[in-house]
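# Structural features, examined
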Amino acid sequence: MSVAPPVAADELVGRASVLAALGDMIETLERGGPGLAGVTGPLGIGRSAVLNRVATLARARGLAAGLARCSPVESDIPYAAVTQLLAGLRPPTRMLELTTACMRDGRIAASVPRLCDEFLALAAERPLLLAVDDLQWADPWSLRWFTAMTRRTHHSSILLVGSSHGPLAGHLGEDHLLDNAGFPTARELPLTPLSAAESRQLLENLSGRETEESVAVAATDATAGRPAVLRAVADHFIARNLPLDAAGIPRLTSVAEAAWPERAERAVRGLPADALALLRVLAAVGDDFEFEISAALAGLRAAGADSALGTLLAAGLAVDPDTPRPASPRLAADVLAAMDSTEREALYLRAAELGRKAGAKAVAVADLLAAAPVSGLPWAGKALGEASAYRLRQGRTSSAATDLRRALREPMNDADRARVLTRLAAIEVVNAPQASDGRLRQVLVRYASPDSWPSVLRAADLLLGRGDAETARRVLSELYQASAGSVDAAGLSPLSALGWLAQEEVGTRPEIPVAPLPAPAARPADPAQAGVLAWQLATLAEDRERVRELATAALDAHTDVPLMCRIAASRALLCAVDVEPGLRGLDTVVADARRQHARAITARALLHRGGAAIRRNRPEDGLRDLATALRELPLDSWHPSLAAKFVAMDIMGKIRCGQLEQARQAADRPLPDVADQGIGWAYLLYARAELRLVTGDPERALVYLEECGRLLRVRRWKNPMLLPWRTTAAVAHRTLGATDRAARLVAEEHAVLERWGTGDAVERMCGRTMDKLAELGVDLALNTHRRPEKPESSALDALPEPERDVARLALHGRLNREIAGRLDIATRTVELRLSKVYRKLGIKGRAELVARFAPDDREA
């Protein structure tokens, strides 16, 4: 009948079968038969608890029992384990006699037979159990003794029980098989991890409380089913009187992660040299390398590598024999931290070199280089750059930036360094915009050469895209002059186009004079220059058909055109009321900028797209684009001049959505002092003017609008499609009763629009704003007294009545849309009748009509 020791309430859960097998062997021992058992399993699996239970059971049944525990710190002490066994079985006087006798033997190993005889003599008195825990750490002399005992106890009443990480045979030699005829009751008894149900039972036994199934599952996962670690978890919660419930799972996981490495550290100290070398390599490279590469890095040949890996797997220090790696990241970190820093860095560098030669993944090589000192190797910088590109595609921008910063510490040629600096600047613009600008300037000033020219153009594009037009204008002009003799015309052409764009935003009075860039050709062959020329003509409101032609050419060749030039071409089309092609251009820029990880330009393109939606009376779409722009680049990372334009679009969008309080909050948002130095300030002034109009303060609105107009005139931006400040100012003047001034502003606006060819496009935009003003309760009627009008000329009186009616309303400052409403006709009809009036009167447009025929004062 099987004799199984009773299972205590607080331990040895899940070990019934192993304890039953050992109980059978104790029963055989009681009858005088020998036995040999190996209790095996990884760290924390409970081997020590099983051996302690077996020794306790043997003593309880009247048998002699000795228990020794091996330790790495005693692995150099001769017969440390044997001494522990004898100390529990013989009196001190006998221990002294044995020590004296062994010293007379001359050689330490010669004492093995004498010590074996001592234990055989003990077994002759009564059956004897000898248990040695953690044989993998036994000193060599105790291990020889244990092996000798297995050969000499075949017919004695001795049960030998040893525990170790791996199979017992690995410590006894290849010719010692546990199933040999000399030991009919020999057993190999592996201990397996606890299941979730067994973990639950153990936790309940230890805590005295019911444990939820989800907690048991989490505990099993966190501890890998190791009873010793589960006990550490339970002790932590019991000591602090904390409930082991679902809310405590994060703490449970943390405690388990900390408890296991403490046990692993002891195991690592006792590893054989080959196994330790392999573990260090695996800790450094993980499963990124093929095992053969890791073994070679550890200096191991095939047989030695397999043996070392077997040791690690058996100890639970490594997992997965197919792609071995340390059992946990914490263990890997502890193993590496225990190494001398010089030795550790040398390991990383050797691993990087070997991994590169063996074709390891670029990110794996980069991770190793990042942990190594500067290598000085010619390939290191390029490898780190390749890894950064991969990480960017995965959306891991922080890791990509780390790779690039590390790459800059390695030797590289100018072209590679310019590429790395530009890519890093594009990433850093989110959290370190000033550092980003500095890196871009570094590329433009120090690394401008024919070989690095693609990166130079990209750096110029990114610098201008950030919004610092003054710095871009100065740097690009100086770069153009310095490179004119070494870079061909095809390379210089897009650089000059970016320089023109910078000049456009700075205006005609830059802070620091620089050598001028060559003027755009009338018919530029380069698509970048075509896009910029289209924008220049659009701001001047000149030659609309030409603008369309140039902008279309730039966008059709978008893959070869800097992003900022394509944005300019798209905006030119929007000014020409070619809305769909213009929006498609911006959509393409957004997609390409994201692909290039150009976050600042992505945000800028979204800002323009959102502004276009707002002007087309689709404010909800516009505000969505603005929110997306902020996700690309937080407002604190925008250049102040560009941030001002963002705030302007935000105010205008909220006004059109009826969100006046939110618009006020946006208008009060603090901006840096230098925010008023760019063209974005004009947009912000215009938006604040709209807000003043809708909140009943037309006087202040006019102050903003006049300054807005001044800033635009300084830059010679004449096109009302950019900002219809005159039309909006006319509304404010009419609200205040100054109808003559309103009429003149409207006439000026119409004169430009008629030359530009967009007709009533501005009126449509402003009309939507006026509608919103009316919806918000703003009284747009002029509360002025009717005054006598001076007689109109006979030429005006001679017009047919339909044309005369239209002309008179135009003279009173009415917009085409308002005239159409007054006369109950189509807006297009108003345009046609005005054209006839101009032709019959021999004038060029509304401005001349007002100048010749306007009364001194007019009714609304």
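Structure shown above.
These figures come from a predicted structure and were not determined experimentally.

Moving on to the nonpolar core. Ranked by internal contacts, the top residues of the largest apolar core, which has 242 residues, are Phe 119, Leu 130, Trp 145, Leu 317, Trp 638 and Ile 651. In terms of residue count, the dominant contributor to this core is helix 33 (residues 680–694) (eleven residues). Ignoring any residue separated from it by four or fewer positions in sequence, one finds Leu 130 in contact with Gly 66, Leu 85, Leu 89, Phe 119, Trp 145, Met 149, Ile 158, Leu 159, Leu 160 and Val 161. One finds Leu 12, Leu 22, Met 25 and Val 161 within the second-largest nonpolar core, a separate group that totals 24 residues.

The next thing to look at is the packing of helix 27 (residues 563–575) against helix 28 (residues 579–595). Close contact between helix 27 and helix 28 brings their axes to 7 Å; oriented N to C, the two are set at 160 degrees. The orientation of helix 27 relative to helix 28 falls into the category roughly antiparallel. Between helix 27 and helix 28 lies a crossing of left-handed hand. For the pair helix 27 and helix 28, contact is made by Leu 563, Arg 566, Ile 567, Ser 570, Leu 573 and Leu 574 and by Val 579, Pro 581, Gly 582, Leu 583, Gly 585, Leu 586, Thr 588, Val 589, Asp 592 and Ala 593, respectively. In terms of residue class, the contact of helix 27 with helix 28 is made up of ten nonpolar, four polar and two charged.

The phi dihedral of Ala 541 is positive, around 60 degrees, even though this residue is not glycine. Within the secondary structure, Ala 541 sits in the loop between helix 25 (527–540) and helix 26 (544–556). Residue Arg 716 is not a glycine yet carries a positive backbone phi of 60 degrees. As for its position among the elements, Arg 716 is in the loop between helix 34 (698–714) and helix 35 (725–735). Its relative accessible area of 47% is what places Arg 716 among the partly exposed residues.

The next point concerns the sheet that holds strand 3 (residues 128–133). Strands sit in the order 2-3-4-1-5 across an open sheet of five strands; the sheet is parallel. With one partner strand each, in any of the chains shown, strand 2 (64–69) and strand 5 (187–190) form the two edges of the open sheet. Ignoring which end each strand starts from, the neighbouring axes of this sheet average 15 degrees apart. Most of the contacts of helix 3 (residues 80–87) go to strand 2, to which it runs at about 145 degrees, and overall it touches strand 2 and strand 3. Sitting on the sheet, helix 6 (residues 140–152) touches strand 1 (35–40), strand 3 and strand 4 (158–164), and the angle it makes with strand 4 is about 140 degrees.

About the cut-offs
Residues numbered from 1 in each chain as written. Predicted model: local features only at pLDDT ≥ 70, side-chain atom pairs only at ≥ 80, totals over all residues. Heavy atoms only, no water. Core = buried A, V, L, I, M, F, W, Y, C linked by side-chain atoms within 4.5 Å. Buried < 20%, exposed > 50% of the residue type's maximum accessible area, 1.4 Å probe, protein only. Helix = DSSP H or I, 4+ residues; strand = E, 2+ residues; numbered from the N terminus. Contact = heavy atoms within 4.5 Å. Axes fitted to C-alpha atoms, helices over the stretch in contact; angles between N-to-C directions. Parallel < 35°, antiparallel > 145°, perpendicular 65-115°, else oblique. Left-handed = near helix turned anticlockwise from the far one by under 90°. Nonpolar A, V, L, I, M, F, W, Y, C, P; charged D, E, K, R; others polar. Pairing = 2+ DSSP bridges.

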